Structure formats: structure tokens, C-alpha cells
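# Observations on the model geometry
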Amino acid sequence: MDLLDVESVPDYVASLPDLASRVGTVSQVREVGDGNLNLVFIVEGSAGSLVLKQSLPYVRTDPSWPMTRERSSREAYVLASHQAIDPAHVPGLLFYDETRYVLAIEDLSDHRVWRTVLNERTEATDDDELAAAALGEYIANVGFGTSVFGVGSAAHKQAVARAINPELCEITEDLVLTEPFVDHDHNVVHPSNEADVAELAGDPDVKHAAGRAKFAFMTRAESLLHGDLHTGSVFVRFGDDPSVRAFDSEFGFYGPLGFDLGMLWANYVLAAARAVAQGQDSRARRLLGLGRVTWGSFERTYRDRWPSRQDPRVYGDAVLESLLTQVWTDAVTYAGAEVARRVIGFAKVADIETLPEDQRVQAARRALRASRVLITHTLHGRPDPDVLADLTSEPLG
Ligand code: SR1
Ligand code: MG
């Protein structure tokens with residue numbers, strides 16, 4: 001096995017002239033991977049620093065689960081494509097080693113993972129609105145820029161073929177869009193939340209909406225998505241020189257544009273569920289309002305780009321309006337599914353899991369009820385733009 005470790009990283013860097021000149025003499029290597037899948041090393045040296053990310057052939061948190069290492073190639077492709085369109089909102093890709101599945105990425109150690117920051121907070125702050133707005137810009141920029149509107153027919157078809165990611169898409173199809181709504185070994189909740197899960201999974205509208213969302217995910221190749229855009233996939237640096245970067249795009253593929261928005265909204269809901277459980281009601285309302293902030297900047301950015309679209313002959317303004325309605329509708333539904341799976345399924349979130357037991361049960365209940373509202377919301381008519389306005393006001397049984 002060619003896996004890197006802290007001892008072998010200095011020789012690896014030295015063997016690659018571009019990386020060696022960027023780092024100089026290696027002084028420190030730290031393995032900092034804390035996700036479900038990969039090894040991540042921060043490499044510091046006399047001339048600078050970088051990050052090496054190497055895929056393992058299995059799920060890091062469950063080594064009995066094999067996982068294709070080709071996901072690194074997919075991440076390199078998505079990162080390079082998004083970097084070409086919106087370099088301000090992704091880390092720089094410095095190099096990709098396709099034989100050892102290693103990405104060399106700009107070191108963003110002066111940033112922090114947004115989820116960690118959110119979980120530490122006790123007070124609302126404008127910083128979170130800043131991050132939410134930046135991500136709306138990112139989703140719109142890359143969503144438009146990789147679509148038929150951005151690149152035209154032939155280039156879009158070639159890119160759809162180039163970016164297929166069947167194994168990781170199947171994980172999302174299973175973990176996000178199927179398992180939370182059926183009986184599955186991955187589903188584990190606190191006994192006090194079992195009735196909440198039964199309420200959600202027992203609603204035929206929930207299963208109907210999940211099925212429609214899964215079908216759209218599997219068939220609608222609209223834009224090159226990040227594919228896993230939760231708050232743990234976002235680096236933030238606040239203060240005088242703010243910066244917001246979406247990283248970890250190994251789940252990227254061409255799919256429905258509303259998916260990335262929905263993943264993000266869901267994680268705002270989870271952060272809000274935590275805040276309510278901690279008695280931070282007004283902060284929770286601000287967190288729920290982040291959905292609208294992200295949508296607002298997404299819509300503004302997308303509308304700004306629309307005049308530059310390819311083939312305006314039939315892609316007129318009426319198409320833009322119905323497209324935006326479709327994206328909103330999809331996003332609300334995907335948000336519902338993502339909330340459910342983060343509470344019920346294999347990949348839970350620290351927002352809920354790190355709470356004391358009684359708060360955890362309350363937060364999970366709140367989140368599952370929000371999930372049901374979100375996922376079924378668009379089944380029977382036009383989506384209500386205020387669906388995310390105040391899920392906190394619902395009393396808990
Ligand atoms: C087996 S991978 C589980 C989850 O981790 C990733 O970050 C994705 O969210 C995936 O669903
Ligand atoms: Mg990840």
C-alpha cells in the first residue's frame with residue numbers, strides 16, 4: 001500500500017519539484033484528517049506550507065466498507081473546474097498525483113471549519129451571514145458557469161461524461177435519499193427519538209418526496225455540484241480579511257443545482273436545532289435566516305450572470321424565472337432529506353451529537369420535525385418562500 005504517513009511525507013514532497021520549492025525544507029508534518037474518508041496532512045517548511053490529502057481505499061470511520069480511490073481524481077476535477085470559475089471560494093489545487101491519489105492543496109490553516117465555529121458560538125454574529133452570502137455566490141457562480149448556459153451544448157455533454165462519480169453518488173443516493181426513510185442498519189437514534197423517526201418515515205408523503213428527489217438526483221445533470229456542501233465542508237476566516245472556501249468536493253458530479261443549496265440549508269437547520277436546545281432562541285432564528293441569506297446572494301449572482309448565457313433564442317427570461325423556482329423547490333426538498341439523515345443515519349453531525357443527552361433528544365426531535373416540513377413542503381403546490389422562516393416556534397411534544 002502506498003499510503004502516506006507523517007514519516008514518509010517529507011520524502012514525498014522532496015520528490016516533487018513544484019511542491020518542494022513551495023515548502024522548502026520540511027519542518028513539521030501533522031495528520032489532521034477528521035472526516036469519514038481521507039488522510040489529510042499539513043506540511044510546513046522553510047519556504048511555506050501546503051496540505052496533502054490522500055484517499056484511503058475504505059471508509060476511515062468504518063474500514064470494513066471499501067471505497068474507490070478514484071474519488072480523488074473526481075475531487076481534483078471538480079476543484080480545478082470550480083477554481084477556474086470562482087477562485088475566491090475554493091482552496092487552490094496545486095497538484096494532483098493520479099498514481100497515489102494525492103491532492104496537494106493550498107494550506108488554509110488560518111481558516112477554521114465553519115461547523116466547529118458555529119458549534120462553539122453562544123451569540124449571533126454577522127460573520128455567519130457573511131459566510132452564508134459568500135456560499136450563495138459560490139453556488140451560483142459554479143452552478144451557472146458549468147451549466148449549458150455557461151458553456152453551451154457540446155462542452156456541457158463532454159463535462160458531464162468526464163465528471164461521472166458513480167460510487168460516491170451511490171453513497172448519497174443511499175445515505176441521504178433512501179436509508180433515513182426505510183429500515184436500515186445504519187439508522188441509530190436515542191430511544192426517546194424512535195417515535196419521532198417513526199412519525200417521519202411513516203408519512204407516505206415523505207417517502208414520495210424522497211423518491212422524487214432521488215430520481216432527480218440520479219438523472220438531472222444540470223451543473224457540476226460540490227456534492228457534499230455541509231458546514232463541515234466550509235473553511236471560514238472572519239475579521240478584517242474575510243474568506244469563505246468550500247472544500248472536500250469528492251462527491252461532486254453533474255446534478256440538480258438545488259442539491260448544494262439544500263445541503264447547506266439543512267445544516268443551518270441543524271445548527272439552529274442545537275441553538276434552540278441550548279436555550280439560544282434568538283440566535284436560532286438568525287441561523288434559520290441564513291437560508292434566506294444564501295438564497296438571496298445565490299439569486300442575485302445567478303441573475304447577474306444570466307445575460308451572458310449561451311443560446312438566448314429560447315432561453316429567455318421566462319426560463320430563468322421557472323428555473324429559479326425549480327432550484328428553490330429542489331433545495332427545500334434536499335434540505336429535508338439532509339436534516340433527516342444527519343440525525344438518523346450513518347453520518348451524524350457534531351451539532352447534535354455533542355449535546356448533553358436531554359438537549360440531544362430535544363434537538364433531534366426539533367430537527368426531525370423540520371425535516372418533515374421541508375421534505376414534503378413542495379409536494380402539493382408552489383413552495384412557500386418563508387418555509388425556513390421560523391421552525392423554532394413550533395412547540396415540542
Ligand atoms: C461513507 S461517507 C459518509 C458521509 O461522509 C461524507 O462527508 C458524506 O457526507 C457522506 O454521506
Ligand atoms: Mg467530506
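Residues numbered from 1 in each chain as written. Chains lettered and ligands numbered in written order. Predicted model: local features only at pLDDT ≥ 70, side-chain atom pairs only at ≥ 80, totals over all residues.

## A few points about the sheet that holds strand β1 (residues 26-31)
Here is the rule we go by: When DSSP finds two or more bridges between a pair of strands, those strands are recorded as paired. Only DSSP runs of H or I covering at least 4 residues are called helices, and only runs of E covering at least 2 are called strands; the numbering of each starts at the N terminus. For helices, the fitted axis covers only the stretch in contact; all axes are lines through C-alpha atoms, and the angles between them, taken along N-to-C directions, range from 0 to 180 degrees. Remark: residues whose backbone-derived C-beta atoms lie within 7 Å of one another are considered to be in contact.
Strands sit in the order β1-β2-β3-β7-β6 across an open sheet of five strands; the sheet is antiparallel. In the strand order of this sheet, the two ends are held by β1 and β6 (93-97), each with one partner. Looking at each pair of strands side by side, their axes are set apart by 20 degrees on average, direction ignored. Pairing geometry for strand β2 (residues 38-45) and strand β3 (residues 49-55), over seven bridges, is antiparallel. Its bridge partner lying in β3, F41 is registered against L52. Helix α3 (residues 71-85) rests against β3, β6 and β7 (102-106) of the sheet, and its axis sits at about 155 degrees to β6.

## Topic: the domain arrangement of the protein chain
Selection criterion: Boundaries between domains were set according to an automatic or database domain assignment. Put simply, Ala, Val, Leu, Ile, Met, Phe, Trp, Tyr, Cys and Pro go in the nonpolar bin, Asp, Glu, Lys and Arg in the charged bin, and everything else, Gly too, in the polar bin.
Considered domain by domain, the protein chain is made up of domain 1 (25-106) and domain 2 (112-393). Placing the centre of domain 1 and that of domain 2 at their C-alpha centroids yields a distance of 23 Å. At the interface, 17 residues of domain 1 touch 22 residues of domain 2. Grouping the constituent residues of the side of domain 1 that touches domain 2 by class yields six nonpolar, seven polar and four charged.

## Here we look at the packing of helix α11 (residues 258-277) against helix α12 (residues 281-305)
Axes are the key here: two packed helices are described by the angle between their axes and the distance separating the axes. Defined as follows: Convention used here: angles under 35 degrees read as roughly parallel, angles over 145 as roughly antiparallel, angles from 65 to 115 as roughly perpendicular, and any remaining angle as oblique.
Packing of α11 against α12 leaves a shortest axis separation of 7 Å and a crossing angle of 170 degrees. Judged by the angle between their axes, α11 and α12 are roughly antiparallel. Judged by residue contacts, L261, L264, W265, Y268, V269, A271, A272, A275 and V276 of α11 engage D281, R283, A284, L287, L288, L290, G291, T294 and F298 from α12. Of the residues that constitute the contact of α11 with α12, the class distribution is 14 nonpolar, two polar and two charged.

## Some words on the sheet that holds strand β11 (residues 243-246)
Pairing is antiparallel in the open sheet, where three strands are placed in the order β8-β10-β11. With one partner strand each, in any of the chains shown, β8 (112-113) and β11 form the two edges of the open sheet. Here strand β10 (residues 234-237) pairs with β11 via four bridges, running antiparallel. Considered in β11, the bridge of V234 is made with A246. Helix-sheet contacts for helix α5 (residues 126-145) involve β10 and β11, and the interaxial angle to β11 is about 50 degrees.

## Notes on the pairing of β1
Two strands pair when backbone bridges link them, and β1 and β2 are joined in this way by five bridges, in the antiparallel orientation. Opposite V29, over in β2, you have V43 as the bridge partner.

## Some details on the nonpolar core
We count it as follows: By definition, a nonpolar core groups buried Ala, Val, Leu, Ile, Met, Phe, Trp, Tyr and Cys residues that connect through C-beta atoms lying within 7 Å of each other. Residues with at least 20 other C-beta atoms within 10 Å of their own are called buried, those with 12 or fewer are called exposed, and the rest are partly exposed. The C-beta atoms themselves are positioned from the backbone.
With 103 residues, the main nonpolar core has L135, V269, A272, V339 and A367 as its most contacted residues. Residue contributions to this core peak at 15 residues, all from α11. Domain assignment of the residues forming this core places at least three in each of domain 1 (25-106) and domain 2 (112-393).

## Side note on the environment of D174
Locating D174 in the fold gives a position in helix α8 (residues 166-175). D174 sits 39 residues away from L135 along the chain, and the two C-alpha atoms are 26 Å apart.

## With respect to the UniProt feature "domain: Aminoglycoside phosphotransferase" (unreviewed entry) in the protein chain
To be explicit about the condition: UniProt positions are given in the numbering used here, feature names are shortened, and annotations may be inferred rather than shown by experiment.
Residues annotated by UniProt as "domain: Aminoglycoside phosphotransferase" (unreviewed entry) correspond here to residues 29-278. The distance separating the terminal C-alpha atoms of residues 29-278 is 37 Å; by composition the span is 44% helix and 20% strand.

## A word on the site of ligand 1
Under the convention used in this document: Using a C-beta atom placed from the backbone, a residue is scored as near a molecule or strand whenever that atom is within 6 Å of it.
By nearness alone, every residue bordering ligand 1 is listed as G35, N36, L37, V59, I171, T172, L175, D228, F346 and A347. For the shell around ligand 1, the element with the most residues is α8, which contributes three residues. The class makeup of the residues in the shell around ligand 1 is six nonpolar, three polar and one charged. Taken together, domain 1 (25-106) and domain 2 (112-393) each give at least three residues to the shell around ligand 1, which thus spans both.

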